[in-house]
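What the coordinates show
Chain by chain, the residues run as shown.
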Amino acid sequence: AQSVAQPEDQVNVAEGNPLTVKCTYSVSGNPYLFWYVQYPNRGLQFLLKYITGDNLVKGSYGFEAEFNKSQTSFHLKKPSALVSDSALYFCAVRDMGTDSWGKLQFGAGTQVVVTP
Amino acid sequence: SQTIHQWPATLVQPVGSPLSLECTVEGTSNPNLYWYRQAAGRGLQLLFYSVGIGQISSEVPQNLSASRPQDRQFILSSKKLLLSDSGFYLCAWSHSYEQYFGPGTRLTVT
């Protein structure tokens, strides 16, 4: 079965500093990986995905993620964090089982707090 | 472009009352549709998914049910709400890899 883990419950970073949100995955076969962001009382917004190709994936709002097969990781990064990046971030992996119909397995989420 | 709507945005219902939450998608056809619940905190729990009209798969046994009467309409229902049904309900659609989420419905059962 596919799964993802987000080892950090919360990440604190000062505005202007680099932001990294960690995600590790466990799959059989090639992983399809995703990052989402959720602001309070809102739905999840899709940031980026890795399906195949370049290990560095660029997404919305200046975010990028690096796929590392040997470390089974897919960390989300932003070179310079903004206060407005404060939100809940979810990593997800696509369920590749029979009849899975595109279901995603989400991590527990990481709260990002960016201080001015 | 595609958009997804959910209503109502917020709902306060007494225990034992019925529930009907609606989700509609515009700008696409034959999407896969999903219902999630997010309890206080953060975890997302997949409740139901549908790959076509009248085709519903349940992930977790509970007192909720789902229906898909039209291609782009997905309804979450309950005959009698429990306190534990409180939460943030999210609908999502997908055609390929990623899912796109609606704005959610905040349900409080009192």
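Our subject in this report is the structure included herewith. Given the structure is predicted, the values throughout are model-derived calculations rather than measurements. (Residues numbered from 1 in each chain as written. Chains lettered and ligands numbered in written order. Predicted model: local features only at pLDDT ≥ 70, side-chain atom pairs only at ≥ 80, totals over all residues. Heavy atoms only, no water.)

Our focus in this paragraph is the state of the cysteines. For the structure shown, the criterion picks out two disulfides over all chains. Covalent S-S linkage joins C23 of chain A and C91 of chain A, the inter-sulfur distance amounting to 2.0 Å. The chirality of the disulfide connecting C23 of chain A with C91 of chain A is left-handed, given an S-S dihedral of about -65 degrees. Linking C23 of chain A in the loop between strand 3 (19-21) and strand 4 (24-26) with C91 of chain A in strand 10 (residues 87-94), this pair joins segments that are 68 residues apart in sequence. The burial state of C23 of chain A is the same as that of C91 of chain A; both residues are buried. Note on cysteine connectivity: C23 of chain B is disulfide-linked to C91 of chain B, with sulfurs 2.0 Å apart. Note on the C23 of chain B and C91 of chain B pair: the S-S dihedral is about -75 degrees, so by sign convention the disulfide is left-handed. One end of the pair, C23 of chain B, is in strand 3 (residues 19-26); the other, C91 of chain B, is in strand 9 (residues 87-94), with 68 residues separating them in the sequence. (Disulfide = S-S within 2.5 Å. Helix = DSSP H or I, 4+ residues; strand = E, 2+ residues; numbered from the N terminus. Buried < 20%, exposed > 50% of the residue type's maximum accessible area, 1.4 Å probe, protein only.)

All names here are of chain B. On the basis of which strands lie adjacent, the open sheet formed by four strands has the order 1-3-8-7 and antiparallel pairing. Both edges of this open sheet fall to strand 1 (3-7) and strand 7 (64-70), since each of them pairs with a single strand only. This sheet shows a mean twist of 20 degrees between the axes of neighbouring strands, independent of strand direction. Relative to strand 8 (residues 73-78), strand 7 runs antiparallel, the two being bridged by five bridges. The residue bridging S65 from the neighbouring strand is S77, located in strand 8. (Pairing = 2+ DSSP bridges. Axes fitted to C-alpha atoms, helices over the stretch in contact; angles between N-to-C directions.)

In this section: the nonpolar core. Residues and elements named next belong to chain A. In this structure, W35, L48, L76 and Y89 are the most contacted members of the largest nonpolar core, which totals 26 residues. Among the elements that take part in this core, strand 10 stands out by supplying four residues, more than any other. Excluding residues that lie within four positions of it along the chain, L48 makes contacts with L33, F34, W35, V57, K58, G59, F63, E64, A65, F74 and L76. (Core = buried A, V, L, I, M, F, W, Y, C linked by side-chain atoms within 4.5 Å. Contact = heavy atoms within 4.5 Å.)

What follows concerns the interface of chain A and chain B. Contacts between chain A and chain B engage 26 residues on the former and 21 residues on the latter. When the buried surface of chain A facing chain B is broken down by residue, L44, W101 and K103 of chain A rank first, second and third, together holding 28% of it. On inspection of chain A and its partner chain B, the count reaches two salt bridges. Taking the shortest distance from any N to any O, the salt bridge between E59 of chain B and K103 of chain A comes out at 3.1 Å. (Buried area = accessible area lost by both parts, 1.4 Å probe. Salt bridge = Lys/Arg side-chain N within 4 Å of Asp/Glu carboxyl O.)

This paragraph deals with the packing of aromatic side chains. Each aromatic ring pair is characterised by the separation of its centres together with the angle its planes make. Under the criterion given, the structure shown has 16 aromatic pairs over all chains. Between Y36 of chain A and F101 of chain B the ring centres are 5.6 Å apart and the planes differ by 85 degrees, which places this aromatic pair in the edge-to-face class. Here Y36 of chain A is found in strand 5 (residues 33-38), whereas its partner F101 of chain B is found in strand 10 (residues 99-101) on a different chain. There is no split in this pair, since Y36 of chain A and F101 of chain B are both buried. Through pairs of rings, three or more aromatic residues link up here, namely Y36, F46, F90 and F106 of chain A together with Y36, W93, Y100 and F101 of chain B. (Phe/Tyr/Trp six-rings, centres within 6.5 Å; stacked < 30°, edge-to-face > 60°.)

Function-wise, these values are silent; they only describe arrangement.
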